[in-house]
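# Structure at a glance
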Amino acid sequence: MANMSLKKNEMPVQAPNIRNRNFEEVALGYTPAQAVDEANRCLNCKNKPCVSGCPVSIDIPAFIARVRESDFEGAYEILTKSSSLPAVCGRVCPQETQCESKCVRGIKGEPVAIGRLERFVADWHMANAAGEAKKPVSNGHKVAVVGAGPSGLTCAGDLQKAGYEVTVFEALHTAGGVLVYGIPEFRLPKAIVQKEVDNLKSLGVKIETNMVIGKVLSVDELFDSGFEAVFIGSGAGLPRFMNIPGENLKGVYSANEFLTRTNLMKAYRDDSATPIQHAKKVAVVGGGNVAMDAARCAMRLGAEEVHIVYRRSLEEMPARREEVEHAMEEGVIFDVLTNPTQVLGNEHKLVSGMKCVKMELGEPDASGRRSPQVIEGSEFTMDVDCVIMAIGTSPNPLIRSTTAGLDTNRRGCIIAEEETGLTSREGIYAGGDAVTGAATVILAMGAGKKAAKAIDAYIRRKYGA
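Before going into details, it helps to say that this report is about the structure given with it.

Conventions and cut-offs
- Residues numbered from 1 in each chain as written.
- Predicted model: local features only at pLDDT ≥ 70, side-chain atom pairs only at ≥ 80, totals over all residues.
- Heavy atoms only, no water.
- Disulfide = S-S within 2.5 Å.
- Salt bridge = Lys/Arg side-chain N within 4 Å of Asp/Glu carboxyl O.
- Helix = DSSP H or I, 4+ residues; strand = E, 2+ residues; numbered from the N terminus.
- 1 Å grid on protein atoms, 1.4 Å probe; cavity = no way out; pocket = protein on both sides within 12 Å on 5 of 7 lines; lining within 4 Å.
- Points joined across faces, edges and corners; volume = space filled by probe spheres on them.
- Nonpolar A, V, L, I, M, F, W, Y, C, P; charged D, E, K, R; others polar.
- Axes fitted to C-alpha atoms, helices over the stretch in contact; angles between N-to-C directions.
- Parallel < 35°, antiparallel > 145°, perpendicular 65-115°, else oblique.
- Left-handed = near helix turned anticlockwise from the far one by under 90°.
- Contact = heavy atoms within 4.5 Å.
- Patch = residues over 30% accessible without salt bridge, like charges linked within 9 Å, V, L, I, M, F, W, Y side chains within 5 Å.
- Areas by Shrake-Rupley, 256 points an atom, 1.4 Å probe, with all protein chains shown as cover.
- Buried < 20%, exposed > 50% of the residue type's maximum accessible area, 1.4 Å probe, protein only.
- Pairing = 2+ DSSP bridges.
- Phe/Tyr/Trp six-rings, centres within 6.5 Å; stacked < 30°, edge-to-face > 60°.
- Lys NZ or Arg CZ within 6 Å of the ring centre and 35° of its normal.
- Expected span 1.5 Å × (residues − 1).

All right, on to the state of the cysteines then. Put plainly, two cysteines are in a disulfide when a covalent bond ties their sulfur atoms together. With the rule as written, the count across this model stands at zero disulfides. Looking at the unpaired Cys93, the closest cysteine sulfur is the one in Cys89, lying at 3.8 Å. Here Cys99 stays free of any disulfide, with the sulfur of Cys54 as its closest cysteine sulfur at 6.3 Å.

Encoded structure:
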């Protein structure tokens, strides 16, 4: 029976005053009954506007139709034709600005909860499906993938399904990239990521960890060892700082370091040997999803007070609305229209405060965006003992500095064709944050998918695969 409710089925969640002191997943997921009820809100539009908003072109009405029939495994099969990481995407994709923004039901109410349904289907499969994925027949051609993050894993999965022998080279000791070092356990449990990685391994994808390409082996040496194409999905893990006085004090972290220590190196666990500051008053500078993750981690590590310091207004904050709301519910304080000018320290070179100024939004520029301007005489000092800089990242220069003829832009990002991922070097493709700078998981996956298709065409053309 059609569900014409104007509102989505609510996602069950942990209570804010409980979850803000643990690292267990916040969102608890739909029950089968809730999933079927939500699926019945879908109008199954013939022109499928929602698909146009999906970077990996999932046949959304088709998988939702299977959910409506309680055929959850059938829904999973449709999902995985387009997505190699459905359990991940269902949790961290900004559906509200992508597929759900195109949903017809959103015109007069809330859109269908596409992301929640994707998560439900993927979780149901992991809990109930028997057996491993069938390994495709090899076509005898080898492709190397640099980086086991979202773009690399997607590219590897699609190529392996097409019959290629794919080896992924990952610099860290475990696969997943930003999914394991950046996104916290309470948003994306690492067991979920591992299961997705294991699915790819069952298809035949080889993953070599502790392999720093550009150091252990160069890209050119990968070609010398028999690989016929290389995809670079090495991400953007180099942190940015504000270059204000005091950023070298003890107690100043890049968000990248803070989150890596917390998530990948398990600093939040009582039995972890990873050192991390358990600060009392924390300021997180920035307004994106990474800033929300860092602030919410700091709260869970025992901070009494956590501030988000952002130079623009709340309305302009780039973080997902859901993440902002969750942070607010958990007690994070939002200091908007505020900008740091100096980190203060004591005689032991430990953070003791942060000087800030108040901002106001000026007149709109040519793009319509209002630039923040300092309000004269508004200086004040914030009482904090830890500062986390979450103002963006850029690609590590290692690969570009060791790969001759690989063109990059002024930000250090690899220059690649948008539709194919082809770089300035024949046989070398790139995608994800290594090309765009820090962006979303699903956009990185979309780039990996496009590159896999282009690599397949290239090898077929050149080698007759």
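Counting across every chain of the model gives 27 salt bridges. Arg425 serves as the salt-bridge partner of Asp220, at 2.6 Å between the closest nitrogen and oxygen. With Asp220 in helix α11 (residues 219-224) and Arg425 in the loop between α15 (398-402) and β16 (428-430), this pair connects stretches of sequence that are 205 residues apart. Among the charged side chains, a network of salt bridges with common partners joins Arg19, Arg187, Asp293, Arg296, Arg300, Glu323, Glu329 and Glu330.

Moving on, we get to the layout of surface pockets. Regions of empty space are outlined by a rolling probe, equal in size to a water molecule, passed over the atoms. Of the pockets and cavities examined, the second largest pocket occupies roughly 700 Å³. When residues of the lining of the second largest pocket are traced back to their parent elements, those giving at least two are α6 (86-92), α7 (114-128) and α14 (321-329). With six residues, the top contributor of residues to the lining of the second largest pocket is α14. Of the residues contributing to the lining of the second largest pocket, the split by class is six nonpolar, four polar and 17 charged.

Moving on to the packing of helix α5 (residues 72-82) against α7. Direction vectors running N to C along α5 and α7 enclose 110°, while the axes themselves pass 9 Å from each other. Accordingly, the angle class assigned to the pair α5 and α7 is roughly perpendicular. Like other packed secondary-structure pairs, α5 and α7 cross with a definite hand, here left-handed. Between α5 and α7, the contacting residues are Phe72, Glu73, Ala75, Tyr76 and Leu79 on the first element and Glu118, Phe120, Val121, Ala122, Trp124 and His125 on the second. Residues belonging to the contact of α5 with α7 are distributed by class as follows: eight nonpolar, one polar and two charged.

We now examine the side chain of Thr403. Considering the arrangement of structural elements, one finds Thr403 in the loop between α15 and β16. Non-local contacts of Thr403, meaning those with residues more than four positions away in its chain, are made with Val219, Arg425 and Ile428.

Attention shifts here to a nonpolar patch on the surface. Taken together, the side chains of Met4, Leu43, Val104 and Ile107 define a hydrophobic patch exposed on the protein surface, amounting to about 400 Å² of accessible area. Here Ile107 shows up in the loop between α6 and α7. What makes Ile107 exposed here is its relative accessible area of 69%.

Attention now goes to the pairing of strand β12 (residues 370-374). With four bridges connecting them, strand β11 (residues 351-364) and β12 associate as antiparallel partners. Within the sheet, the bridge partner assigned to Pro364 lies in β12 and is Arg370.

What follows concerns the packing of aromatic side chains. Throughout the structure, instances matching the rule amount to seven aromatic pairs. Centroid distance Phe72 to Phe120: 4.9 Å. Interplanar angle 85°. Geometry classified as edge-to-face. On the criterion of sequence distance, the pair formed by Phe72 in helix α5 and Phe120 in helix α7 is long-range, its members being 48 residues apart. Taken together, the aromatic side chains of Phe23, Phe186 and Tyr268 make up a single cluster linked through ring pairs. The cationic tip of Lys142 hangs over the ring face of Phe227; the distance from NZ or CZ to the ring centre is 4.7 Å. Arg300 extends its terminal NZ or CZ atom over the ring of Phe186, reaching a point 3.8 Å from the ring centre.

Along the chain, the position of Ala294 falls in helix α13 (residues 289-300). Between the alpha carbons of Ala294 and Met389 there is a distance of 9.2 Å; along the sequence they are 95 residues apart. Sequence-distant contacts of Ala294, that is, excluding residues within four places in its chain, are made with Phe258, Leu259, Val284 and Ile388.

This part takes up the sheet that holds strand β2 (residues 165-169). Read across the sheet, five strands follow the order β3-β2-β1-β4-β16 without closing on themselves; strand pairing throughout is parallel. Two strands lie at the open edges of the sheet, namely β3 (206-208) and β16, each paired on one side alone. Averaged over neighbouring strand pairs, the angle between their axes works out to 20° when direction is ignored. Sheet topology note: the β2/β3 ladder contains three bridges and is parallel. Across the sheet, Thr167 pairs through a bridge with Lys206, a residue of β3. The sheet contacts of helix α8 (residues 150-161) involve β1 (142-146), β2, β3 and β4 (229-232), and relative to β2 the element is tilted by about 165°. The sheet contacts of helix α17 (residues 441-463) involve β1, β4 and β16, and relative to β4 the element is tilted by about 170°.

Let us now look at unusual backbone geometry. Phi is positive for Lys48, close to 50°, though the residue is something other than glycine. Within the secondary structure, Lys48 is located in the loop between α2 (32-39) and α3 (49-52). On the accessibility criterion, Lys48 (33% relative accessible area) is partly exposed. At Ser70, a position not held by glycine, the phi torsion is positive, near 65°. Relative to the elements of secondary structure, Ser70 occurs in the loop between α4 (60-68) and α5.

Here we take up α8. Across its twelve residues, α8 extends 17 Å between first and last C-alpha, which sits within 8% of the 16 Å expected from 1.5 Å per residue. Counting buried positions along α8 gives eleven out of twelve residues, so the element sits mostly inside the fold. Trailing α8 by a residue or two, Gly163 shows a phi angle of about 105°, which is positive.

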